[in-house]
Amino acid sequence: MNIQTNRLKVKFHIDAIKNDFVFLRFKRDSNKWKGARELDQLFGKEYQASAVLFIHGPFAYAMFKKPIDSYKLLSLIRSDNSFDDDEVVEVEPLENFVEGAECICEAWLAQILLNSLSASKSRFKQLHFCNLTGALLIIPEFSGKNADYIDAAKITIDKNYLMKVELVRHRKLISVLADINNKKIKAEAIKNKPRYVINDGTKTLRRWLDDSDPDVKKTYVPLSIDGKRANTEFLHFGSTADYNKSRAGIFHNVLESINENLSSYMHVELSQLETPHTIELKETILKAPKQLHSKLEGKSIRIVDRVDSDESRELAQSLKDALLNYVTDEKQLSFGKKDKKDALNIRIIHDKNYYDKSGEDDEHLPSTSEYQRQHITVEGVKEISDAIVKTTIKEILIKNDINERIISLFEWSKLNAKHSWTFAMYDDNTKNVFFMIISPDGTFEFKKLDGNNILEFTEYQEYIELIDQHKRDEWRKDKVLEGLVISENGDKNLIFRTDEITIPDLDSIQQIIEDVDTQLPNGMRTGKELAQIVEQCFSETNESEKDNVNALVNELEKINNQEISKTDFRKLSNESLSPTSKLGRNLRDYLLSEHGVRLHFSKSKEVIDNLFAASININYFMDNDSEAQYFVGQRRESIQSSLKDSSHLRKIIAEKGSNLVFKDILKTMDVDFVRTGQSTVLPFPFKYIREYMEMGKAQ
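Rules used in this analysis
Residues numbered from 1 in each chain as written. Predicted model: local features only at pLDDT ≥ 70, side-chain atom pairs only at ≥ 80, totals over all residues. Heavy atoms only, no water. Phe/Tyr/Trp six-rings, centres within 6.5 Å; stacked < 30°, edge-to-face > 60°. Helix = DSSP H or I, 4+ residues; strand = E, 2+ residues; numbered from the N terminus. Buried < 20%, exposed > 50% of the residue type's maximum accessible area, 1.4 Å probe, protein only. Core = buried A, V, L, I, M, F, W, Y, C linked by side-chain atoms within 4.5 Å. Contact = heavy atoms within 4.5 Å. Axes fitted to C-alpha atoms, helices over the stretch in contact; angles between N-to-C directions. Parallel < 35°, antiparallel > 145°, perpendicular 65-115°, else oblique. Pairing = 2+ DSSP bridges. Arc of directions from axis to C-beta. Salt bridge = Lys/Arg side-chain N within 4 Å of Asp/Glu carboxyl O.

*Asks:* Help me understand the packing of aromatic side chains, please; the structure alone is not making it clear to me.
*Replies:* Note on aromatic pairs: each is described by the distance of the centres and the angle between the planes. Inspection of the entire model under this criterion finds 23 aromatic pairs. Here tyrosine 61 and tryptophan 108 contribute two aromatic rings whose centre-to-centre distance is 5.8 Å and whose plane-to-plane angle is 80°, an arrangement assigned as edge-to-face. Of this pair, tyrosine 61 sits in strand β4 (residues 59–65) while tryptophan 108 is found in helix α4 (residues 106–115), placing the two residues 47 residues apart along the sequence. Across this residue pair, the class does not change: tyrosine 61 and tryptophan 108 are buried. Relative to phenylalanine 686, the ring of phenylalanine 423 has its centre 5.7 Å away and its plane inclined at 90°; by these criteria the two rings are edge-to-face. Taken together, the positions of phenylalanine 423 in strand β21 (residues 421–427) and phenylalanine 686 in helix α20 (residues 685–698) put the pair 263 residues apart, joining distant regions of the chain.

*Asks:* Would you explain the nonpolar core in this entry?
*Replies:* Nonpolar side chains tend toward joint burial in soluble globular proteins. Trp412, Phe662, Phe673 and Tyr688 are the most contacted members of the largest nonpolar core, which totals 69 residues. Ranked by residues supplied to this core, first place goes to helix α11 (residues 386–404) with 6 residues. When sequence neighbours within four positions are dropped, the list of residues in contact with phenylalanine 673 reads Ile285, Leu286, Lys394, Ile398, Leu409, Phe410, Phe684 and Tyr688. With 62 residues, the next largest nonpolar core counts Leu109, Ala153, Phe251 and Leu255 among its residues.

*Asks:* Which parts of the structure should I look at to understand the packing of helix α15 (residues 527–537) against helix α18 (residues 582–595)?
*Replies:* Think of two packed helices as two axes; the pair is described by the angle between the axes and how far apart they sit. The interhelical angle for the contact between α15 and α18, taken along N-to-C directions, is 105°, at an axis separation of 10 Å. Taken together, the axes of α15 and α18 lie roughly perpendicular to each other. Contacts between α15 and α18 involve Ile533, Val534, Gln536 and Cys537 from the first element and Asn586, Leu587, Tyr590, Leu591 and His595 from the second.

*Asks:* Whenever I open this one, unusual backbone geometry confuses me. Can you help?
*Replies:* Negative phi is the rule for most residues except glycine; trans is the rule for most peptide bonds. For the bond from lysine 66 to proline 67, the omega torsion is 5°, close enough to zero to count as cis. Tracing the backbone through its elements, the reader meets proline 67 in the loop between β4 and α3 (70–78). Even without glycine at this site, glutamate 106 takes up a positive phi of about 50°. Among the secondary structure elements, glutamate 106 is positioned in helix α4. On the basis of relative accessibility, which here comes to 31%, the residue glutamate 106 falls in the partly exposed class. At asparagine 617, a position not held by glycine, the phi torsion is positive, near 65°. Mapped onto the elements of the fold, asparagine 617 is located in the loop between α19 (605–611) and β26 (618–622).

*Asks:* So what exactly am I meant to see when it comes to the sheet that holds strand β17 (residues 301–305) here?
*Replies:* Spatial ordering of the open sheet is given by β18-β17-β19-β20, a layout of 4 strands whose pairing is parallel. The open sheet has two edge strands, β18 (333–336) and β20 (372–377), and neither has a second partner. Mean inter-strand twist for the sheet, computed between neighbouring axes without regard to direction, equals 25°. Relative to β18, β17 runs parallel, the two being bridged by 4 bridges. Paired with isoleucine 303 across the strands is phenylalanine 335, a residue of β18. Along the sheet, helix α9 (residues 310–323) contacts β17, β18, β19 (344–349) and β20; its crossing angle with β17, the most-contacted strand, is approximately 165°.

*Asks:* Looking at this model, I keep getting lost on the pairing of β26. Mind explaining?
*Replies:* Residues in a regular strand project their side chains so that they alternate between the two faces of the sheet. Counting buried positions along β26 gives 4 out of 5 residues, so the element sits mostly inside the fold. Here strand β16 (residues 277–279) runs beside β26; their pairing, made up of 3 bridges, is antiparallel. Bridge pairing links isoleucine 279 to isoleucine 618 in β26. Here β26 pairs with strand β27 (residues 627–632) via 5 bridges, running antiparallel. Looking at β27, one finds that phenylalanine 621 is bridged to glutamine 629. Where β26 folds back onto β27 in an antiparallel hairpin, the turn is made up of 4 residues.

*Asks:* How do you make sense of the environment of leucine 177 when you look at a structure like this?
*Replies:* Turning to its location among the elements, leucine 177 is positioned in helix α5 (residues 173–181). Sequence separation between leucine 177 and isoleucine 190 is 13 residues; the distance between their C-alpha atoms is 9.4 Å. Residues contacting leucine 177, with those up to four places away along its chain left out, are Ile190 and Val216.

*Asks:* What exactly am I supposed to notice about α5 here?
*Replies:* For an α-helix, the turn length of 3.6 residues means that residues three or four places apart are oriented alike. What α5 keeps buried is the set Leu173, Ser175, Val176, Asp179 and Ile180. Across the axial projection of α5, the buried residues extend over an arc of 160°, all falling on one side. Along its buried surface, α5 packs onto β10 (163–172) and β13 (219–222).

*Asks:* I would appreciate a short explanation of the pairing of strand β3 (residues 51–54) in the present structure.
*Replies:* Side chains of β3 alternate between two faces, with Ala51 and Leu53 and Val52 and Phe54 buried alike. Looking at chain direction, β3 and β4 are connected through 4 bridges and run antiparallel. Of the residues in β4, the one forming a bridge with valine 52 is alanine 62. Between β3 and the antiparallel strand that follows it, β4, lie 4 residues; glycine 57 among them carries a positive phi value of about 80°.

*Asks:* Is there a simple way to think about the pattern of salt bridges in this case?
*Replies:* Side chains that carry opposite charge are capable of pairing whenever their charged atoms lie near each other. Enumeration over the complete set of coordinates arrives at 43 salt bridges. For the salt bridge of lysine 9 with glutamate 269, the shortest nitrogen-to-oxygen distance reads 3.7 Å. Of this pair, lysine 9 sits in strand β1 (residues 2–12) while glutamate 269 sits in strand β15 (residues 266–274), placing them 260 residues apart in sequence. Taking the relative accessible area as the measure of exposure, lysine 9 reaches 45% and is therefore partly exposed. Across the pair arginine 28 and glutamate 38 runs a salt bridge whose closest N-O atoms are separated by 3.8 Å. Separated by 10 residues along the polypeptide, arginine 28 in the loop between β2 (21–27) and α2 (37–41) and glutamate 38 in helix α2 bring together distant segments of the chain. Shared partners join several salt bridges into a network, and the residues in it are Arg306, Asp339, Arg347, Glu363 and Arg373.

Shown next, in the form of structure tokens:
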């Protein structure tokens, strides 16, 4: 089984590129190209650029379609006052960088070719390409109240050929000005931002280049709302429309557009990782309340109401009622105004904004060795849900584990460890290194190296040098150090987060979505026709099982010669034949195999494993003797109609002289208590270290 990623494998057809295009490079001070109107000016009638590009640094590029006189073009641009501060030269396209060559090459060449899709039409009528200020944007249908904002998808190819989809919100200028007048934001927030207007013909954004002010009701600026970045689900497969708006759907659309419009200039395919070692995600300690009975047995839980209002008292009572499902003895629960020593204290308080405005002392108190605390705010929690209760319990149990120095939420014996395992994190603020050393029986201790203890200074310096070495390489190698694992034999493995993500089987997923959305064919559109087909499907079914079938046939016969949509037929069949029943499955299978009609997107184990292998379970890939990669997806049963997030690959590197041992602790990520009900992307001991660091700050 191979897993695709967003890393592109690109083969340029350099001769074809040289034959069809001319490339110019513009050089100016490194911080002057961002948002520069000159880049958009190159698209005007005077220059007619096919694409422009700016990523970072002092260089920007423009691509022009031949036939064109390069000498005249350069002379025209150099005589334009707008480019007085720029050094403009013609460069040649190259597959790989050549020292001393005036060129555009590698990922930047791929990006400017990608940007030229702005001259092409998307295969989806509700998505439109445009090349703005050096980047490629895909403009969807207007969203938000009265199209108050547009969330455009920015498509980039980074220096490692990772193709990324990022949403950039463009707000209507009149709305932004209202926020400035109401002092929600400062005028400086849009001072140097470009203004865009909708091109009525192409339905894309274009830069406003006139000297006059644009109509504020029809003008957009790139700006977030309340500081929150625009976002959308990674993948939604509930319908074709939902799929096309998801990041994976946009990614897929761009790939298809590259193949349709740019195949003469570059061949693009996705990289693949081969044959992973897979651990199925199945541990769910938070799934049922009874599973936590033993973890909470004998423990006192104190609900501390520090607000003392009708709302907080109601919240406290609701919390107690919900907690009764998780304890074996009601006497374990109590109310109070003050925290109880050696109890699990759940404090009801106001949020930080309330205390900032009121001037009252903030009631949010960290846990200590004597008091374990978890907080609920009356502003943030209007009613006690199952998820809130589970999150509260698991957080306070983790703090209790830290206090008692033993892991209760995971059976450490599963690792079959004969000696201790150590997990380490570096605190950027304090420059301290924190360690969690876990014994084979699940007991543990923490250790902090701060360089102040002369007996530990050599050890501290060793770790600091190791960490600094890799942190210096983070930008160059596009990976971020997240932690360090040390085996029982002293082998050091470092964990890095990368921007490389895994990609499900989008071709097959899209095809199934389109099949489901396709209307019923001729001969299967009336109630009478469908009733006959249902009878044929169950012609050999035992009479004892036919009551529900007959009910469906009767409902369809009532419709008689009237047409019925696939959606309504699906609803009728689900009412009579449960979707999860044998009869329901038999009807769906019969319609697909005999008539080519797909009623729904199957969530069977086989389908999920085949189409979503890149999004489920723990998957580990060996690169060589000292490097590996892994990703943690979702549990198979959680795949319903969407995936909120993509799965990022993480890189494991064994320090020089160490063996690659991370594979031995993969099971430490098959837990659901780090992120409530979800898997965790790092071994869970790092969660304990973070909590311990917070407790240390409090003390």
